[in-house]
Amino acid sequence: MKTITYLEQGAVMNHSAEIARLGRRALIVTGRYSSKANGSLRDLETALEKTNTEYVIYDGITENPPVSEIVEARDIGVSKGCDFVIGVGGGSPMDAAKAVSILIFHSGKDASYLYESPVTQDTDKDGQTLCFPVVCIPTTCGTGSEATGVSVLSRVDLGTKKSLPHKVFPSLSLLDPVYLMYAPYEIIRNTAIDAMSHLIESYINVNATDESRSLVLSGLKLWSRSKNVILGNRRIGYTKNEHPGNISDYVRRTSDPERAAADEVTDLKILSDMLEASNIAGQAISITGTSLPHALSYRLTFSAGVAHGPACGIFQPGFVSYADEKTKKTLLRAMDFTDIDSFKEFLGAACDIGNISEIDYSINIENSIKDILADPARIKKVPYHVDREILERIVSFS
């Protein structure tokens, strides 16, 4: 299924009629805070009310949502008769929206169905699991979930994160860089690193095609323009001004409005490029899937609370270092790095993995390596030989 995507300021309001055509009553799936702070939830409510589309809000999605939250949202959606789902926020709400849509459509099945491979009668001609339409409205610039059929949830029973075996591509994705103007620096940085990780892992991949490689190189060139933002050398977006507790325009707006207006235009252009790079990365991994760095990251995220982007990013230099010379040069050139050491230095400065202790880090990494070695499918996508020694070198290179 091809997702209809719009990247523009005012995307939600501009395409309210297209949202309304997807159903009669929407279940909005989001987190507790960010969609309210950045205005995306307000815009969506206004758009739905404009088209007389009924809606119900479930705002209980947390970062790396567990299956229990999906069931809770599903129960609300079924009880209210919702016939399409809208995910608003970062990757967690968008991934959750896909899973919720499956369980609302298959309301007679319990949560275990999410991790059962769909039978033929439960899929369409493209292999997508039958479900209600999904709309995605991203407010970060990393997951690319609005462009993929993938949904990743936390498995409390397994102590890690795991992708569903179902494919659910959004019917409609609405990308507005204005929402990123309100995101904290750490969110912009971490999600941008995730987008870069998707691009690299799609390129160094046995499933790579001419199309996916072309997407990766165009995405990395867009992404490279944001390196100063990722490092914190260029502040971007809105900040809190003299009105405590309110998100508003730049402090300098009151003293230099012309400069503030010019900076806003520039910021929106940079954020639009970052949002587009993330979307392109999503398109690329829809073809290839992710690879070793993502597999290594899941336990760090689930068990140690390391943000997903940095948890993937720290393994990229080691992952790239084992690729063939032509691939290394192509990727580094696209990202505007002179060599693997400058790439490693950049990620060393950009990836904040928090205060995880050395022992906790070692335990999680060892368990991740065991997970990978126990599941050949995780290695199958890598175009070079992988064994325990290689995995340990990739980790130690970072």
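Refer to the structure above for everything that follows.
By convention here, each chain's residues receive numbers from 1 onward along its written sequence. In keeping with the model being predicted, local features are shown solely for residues with a pLDDT of at least 70 and side-chain atom pairs are shown and tallied solely at 80 or more, while totals for entire chains, interfaces and linings include all residues. Hydrogens and waters are ignored; side-chain quantities use all the structure's heavy atoms.

Draft legend 1. Representation of the overall build of the protein chain in the model. Secondary structure summary: the protein chain contains 18 helices and eight strands in total. In terms of overall size, the protein chain behaves like a compact globule, its C-alpha atoms giving a radius of gyration of 21 Å where 398 residues would be expected to give roughly 21 Å. The dimensions of the protein chain, computed from C-alpha atoms along their principal axes, are 60 × 60 × 40 Å. A simple rule labels every residue: compare its accessible area, found with a 1.4 Å probe on the protein chains alone, to the largest value its type can have, and call it buried under 20%, exposed over 50%, or partly exposed in between. The buried share among the 398 residues of the protein chain stands at 55%. What makes two residues a contact is simply this: any of their non-hydrogen atoms within 4.5 Å. Considering only contacts in the protein chain between residues 6 or more positions apart, those separated by 24 or more positions represent 77%. Surface exposure here means Shrake-Rupley accessible area, sampled with a 1.4 Å probe, where a residue is shielded only by the protein chains that are shown. As displayed, the protein chain has an accessible area near 16800 Å², and 50% of this comes from carbon and sulfur atoms. We score Asp and Glu as negative and Lys and Arg as positive, and we do not count His or the chain ends. The atoms used to mark charge sites are NZ of Lys, CZ of Arg, CG of Asp and CD of Glu. The average position of the 41 basic charges and that of the 50 acidic charges among the side chains of the protein chain differ by 3 Å. A run of H or I in DSSP counts as a helix once it spans at least four residues, and a run of E counts as a strand once it spans at least two, with each numbered from the N terminus. Throughout, radius of gyration means the C-alpha value; the globule benchmark is 2.2 Å times the number of residues raised to the power 0.38.

Draft legend 2. Representation of the side chain of Q316 in the model. The residue Q316 is located in helix α13 (residues 316-321) in this model. Judged by its relative accessible area of 0%, Q316 is buried.

Draft legend 3. Structural context of the packing of aromatic side chains. Geometry of aromatic contacts follows a simple scheme: Phe, Tyr and Trp rings, the Trp one being its six-membered ring, pair when their centres are within 6.5 Å, and the pair is stacked under 30 degrees between planes, edge-to-face over 60, tilted otherwise. Following the criterion strictly, the structure yields six aromatic pairs and no others. When the ring of W223 is compared with that of F346, the centres are 5.9 Å apart and the planes differ by 80°; the resulting orientation is edge-to-face. Of this pair, W223 sits in helix α8 (residues 210-224) while F346 sits in helix α15 (residues 340-350); the two residues are 123 residues apart in sequence, bridging distant segments of the chain. A relative accessible area of 2% means that W223 is categorised as buried. For F346, a relative accessible area of 6% corresponds to the buried category. When the centroid spacing of 5.9 Å and the interplanar angle of 40° are considered together, the rings of Y322 and Y384 count as tilted. On the criterion of sequence distance, the pair formed by Y322 in the loop between α13 and α14 (325-335) and Y384 in the loop between α17 (376-380) and α18 (388-397) is long-range, its members being 62 residues apart. Look at Y384 and you get buried, because its relative accessible area is 13%. Of the aromatic side chains, those joined through ring pairs into one cluster are W223, F337, F343 and F346.

Draft legend 4. Molecular detail of empty space enclosed by the protein. A pocket, in this scheme, is an open set of points on a 1 Å grid over the protein atoms alone with protein on both sides within 12 Å along at least 5 of 7 lines, while a cavity is a set where a 1.4 Å probe fits but cannot get out; residues line either one if an atom lies within 4 Å of a point. Grid points are joined across faces, edges and corners, and a volume is the space filled by probe spheres set on the points. Tallying each qualifying case throughout the model produces one cavity of 30 Å³ or more. Estimates place the volume of the largest cavity at around 40 Å³. Forming the boundary of the largest cavity are T160, K161, A295, Y298, R299, S368, D371 and R378. Ten residue types, Ala, Val, Leu, Ile, Met, Phe, Trp, Tyr, Cys and Pro, are classed as nonpolar, four, Asp, Glu, Lys and Arg, as charged, and the remainder, Gly among them, as polar. Within the lining of the largest cavity, the residues separate by chemical class into two nonpolar, two polar and four charged.

Draft legend 5. How the structure looks around the sheet that holds strand β4 (residues 84-89). Only when DSSP finds a minimum of two bridges between them are two strands counted as paired. With parallel pairing, the six strands of this open sheet are ordered in space as β1-β8-β5-β4-β2-β3. Each edge of the sheet is formed by a strand with only one pairing partner; in this case those strands are β1 (4-7) and β3 (54-58). The sheet shows a mean angle of 15° between the axes of neighbouring strands, direction not considered. Direction of pairing for β4 relative to strand β5 (residues 134-138): parallel, over a ladder of five bridges. Within β5, the residue paired with I86 across the bridge is V135. For every element, the axis is a line fit to its C-alpha atoms; helices are fit only across the contacting stretch, and the angle between N-to-C directions ranges from 0 to 180 degrees. Strands β2 (25-30), β3, β4 and β5 of the sheet are contacted by helix α4 (residues 40-50), whose axis makes an angle of about 160° with β3.

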